Amino acid sequence: MTPAPAIRIVPATEESLDSISQLAGVIWRACYPGILSAEQIDYMLDRMYALNVLRDEITSAGIHYDLLLADDELIGFASYGLAAPATFKLHKLYLHPEYHGRGLGALLLRHCEEQAQGLGARKLVLNVNKNNSKAIATYQRCGFDIAKSVVTDIGGGFVMDDYMMEKVVI
């Protein structure tokens, strides 16, 4: 019997950004077909996970990235930061599909909630694609409610058609 991997959550560094970008590509190409077109997946990956974008987020935009490691292998990540006084925004939370169903996404989400509380936030918000029923169900199991519908033009002829979900974290 193979022992369970040692799971750790650690802060990302600039040296982690290439690995985050690569993992995002694997996850998006595995999880988003049927939700987004291949063209929109490529467009959004280029727009959100280019190394200069990630570097700017962690060095200038006040966005934190944390890595989820299994035996030192990157299997997931989250990014977050304060969006307004007492409101914490979860920008990204992704887990390699091979690790779905093991409670690791919920573990990473609880970590983000603890970070929010540590920064004095009372509410945690996130956006999720309206057609991503698996993620929506996960967030609802973790205590999030749908607060509103948001459609955002992201250029290139594409929109993000999301629900904003929120949870009180006090």
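Note: the structure precedes this text.
Report follows, based on the coordinates. Because the structure is a prediction, the values reported are computed rather than measured.

**Some points on the nonpolar core**
Point 1. Counting 27 residues, the largest nonpolar core has Leu90, Leu93, Tyr139 and Phe144 as the members making the most contacts within it.
Point 2. Elements supplying a minimum of two residues to this core: strand 2 (64–70), strand 3 (73–84), strand 4 (87–95), helix 4 (104–118), strand 5 (123–129) and helix 5 (133–141).
Point 3. When near neighbours in sequence (up to four residues on either side) are disregarded, tyrosine 139 contacts Leu90, Leu93, Leu109, Leu126, Val128, Phe144 and Met165.

**With respect to the pairing of strand 6 (residues 145–155)**
Point 1. As paired elements, strand 6 and strand 7 (residues 158–168) share 9 bridges and run antiparallel to each other. Each residue of the ladder has a partner; that of isoleucine 146, found in strand 7, is methionine 165.
Point 2. Linking two consecutive strands that pair antiparallel, namely strand 6 and strand 7, is a turn of 2 residues; a positive phi of about 65° is found at glycine 156 within it.

**Quick look at the environment of leucine 17**
Point 1. Relative to the helices and strands, leucine 17 is located in helix 1 (residues 17–31).
Point 2. The spacing of leucine 17 and aspartate 145 is 128 residues in sequence and 31 Å in space, taken between C-alpha atoms.
Point 3. In this structure leucine 17 touches Leu51, Leu54, Arg55 and Ile58, once residues within four positions along its chain are discounted.

**Notes on the sheet that holds strand 1 (residues 7–11)**
Whether parallel or antiparallel, the strands of a sheet pair through hydrogen bonds between backbone atoms.
Point 1. An order of 1-2-3-4-5-7-6 is seen for the 7 strands of this open sheet, with the pairing classed as mixed. Across the chains shown, the open sheet's two edge strands, defined by having one partner strand only, are strand 1 and strand 6. Averaged over all adjacent pairs, the angle separating strand axes in this sheet is 30°, with direction ignored.
Point 2. Inspection of the sheet shows strand 2 paired to strand 3 by 7 bridges, in the antiparallel sense. Paired with leucine 69 across the two strands is leucine 74, which belongs to strand 3.
Point 3. Strands strand 4, strand 5, strand 6 and strand 7 of the sheet are contacted by helix 5, whose axis makes an angle of about 160° with strand 5.

**Thoughts on the side chain of glutamate 57**
Point 1. Topologically, glutamate 57 is positioned in helix 3 (residues 51–59).
Point 2. Filtering out sequence-adjacent residues up to four positions away, glutamate 57 remains in contact with Gly62, Ile63, Tyr65 and Lys92.

**Some remarks on the state of the cysteines**
Point 1. Going through the model one piece at a time under the given rule, you end up with 0 disulfides.
Point 2. You can see cysteine 31 has no disulfide; the closest cysteine sulfur is in cysteine 142, sitting 16 Å from it.
Point 3. For cysteine 31, a relative accessible area of 28% gives the class partly exposed.
Point 4. Free cysteine cysteine 142: the closest other cysteine sulfur is in cysteine 112, separated by 11 Å.

**Some details on the layout of surface pockets**
Point 1. There is about 1,100 Å³ of room inside the largest pocket.
Point 2. Lining the largest pocket are 44 residues, and of these Tyr32, Leu93, Tyr94, Asn132 and Tyr139 lie nearest its centre.
Point 3. Those elements that provide at least two residues to the lining of the largest pocket are helix 1, helix 2 (38–49), helix 3, strand 4, helix 4, strand 5, helix 5 and strand 7.
Point 4. Sort the elements by how many residues they give to the lining of the largest pocket and strand 4 lands first, with 7 residues.

Conventions we followed
Residues numbered from 1 in each chain as written. Predicted model: local features only at pLDDT ≥ 70, side-chain atom pairs only at ≥ 80, totals over all residues. Heavy atoms only, no water. Core = buried A, V, L, I, M, F, W, Y, C linked by side-chain atoms within 4.5 Å. Buried < 20%, exposed > 50% of the residue type's maximum accessible area, 1.4 Å probe, protein only. Helix = DSSP H or I, 4+ residues; strand = E, 2+ residues; numbered from the N terminus. Contact = heavy atoms within 4.5 Å. Pairing = 2+ DSSP bridges. Axes fitted to C-alpha atoms, helices over the stretch in contact; angles between N-to-C directions. Disulfide = S-S within 2.5 Å. 1 Å grid on protein atoms, 1.4 Å probe; cavity = no way out; pocket = protein on both sides within 12 Å on 5 of 7 lines; lining within 4 Å. Points joined across faces, edges and corners; volume = space filled by probe spheres on them.

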